[in-house]
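Spelled out, the chains give:
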Amino acid sequence: MPIETIKVGIVTGPYKRRNGYHAEVAVQHPGASETIHRLWFGFEVIKDVAALRGYEEADIDVDRFGEAVLAFLQQRGVDLADPDWGMQDDDIPFSVEYLPMRSVFSYYPDMPDSLADTLLPPAQAP
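The rules behind these values
- Residues numbered from 1 in each chain as written.
- Predicted model: local features only at pLDDT ≥ 70, side-chain atom pairs only at ≥ 80, totals over all residues.
- Heavy atoms only, no water.
- Pairing = 2+ DSSP bridges.
- Helix = DSSP H or I, 4+ residues; strand = E, 2+ residues; numbered from the N terminus.
- Axes fitted to C-alpha atoms, helices over the stretch in contact; angles between N-to-C directions.
- Contact = heavy atoms within 4.5 Å.
- Phe/Tyr/Trp six-rings, centres within 6.5 Å; stacked < 30°, edge-to-face > 60°.
- Buried < 20%, exposed > 50% of the residue type's maximum accessible area, 1.4 Å probe, protein only.

A. Quick look at the sheet that holds strand 2 (residues 20-27). Overall, mixed pairing links the four strands, which are arranged 1-2-3-4 in an open sheet. Of all the strands in the sheet, the pair left with one neighbour each is strand 1 (3-11) and strand 4 (98-100). Going across the sheet, the axis of each strand differs from the next one's by a mean of 20°, ignoring polarity. Contacts from helix 1 (residues 43-51) reach strand 1, strand 2 and strand 3 (35-42) within the one sheet, and its direction differs from that of strand 3 by about 80°. Contacts from helix 2 (residues 62-75) reach strand 1, strand 2, strand 3 and strand 4 within the one sheet, and its direction differs from that of strand 1 by about 125°.

Laid out in structure tokens, this is it:
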């Protein structure tokens, strides 16, 4: 299924922990309507993923980051066409319509490494 980031905005304010990105990612489903998924991730999230491979925050393309998140969830069996996915399960701290990345990372602890593998080339030896 095609996955494409359609909008990215920067969130800034007086509270450092709340500063970051808001991304809207569209997913086209065969025989069904396109769905829009909203991700929020702090600058620190991007920095942490980049650091896993010895890179800087600026080395990660934010559009591709959003697309990689949705591709990861899709590979894990999340039904991205179902806006109610996970709503009846109290163990899932997010829905497919709103994805705060720290919560998603807590639920899928291997996601940061997977994103780093997808978005960055292997770190070169010093």
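B. Region of the structure containing the packing of aromatic side chains. For the structure shown, the criterion picks out seven aromatic pairs. The interplanar angle of 85° and the centroid separation of 5.7 Å between the aromatic rings of F94 and Y107 together place this pair among those described as edge-to-face. Here Y107 lies in helix 3 (residues 101-107) and F94 lies in the loop between helix 2 and strand 4, a separation of 13 residues in the sequence. Among the residues examined, Y107 registers a relative accessible area of 31% and is labelled partly exposed. Ring-pair connections join several aromatic residues into one group, and the members of that group are Y21, F41, F43 and F65.

Note that all results are geometric; they support no functional claim without further evidence.
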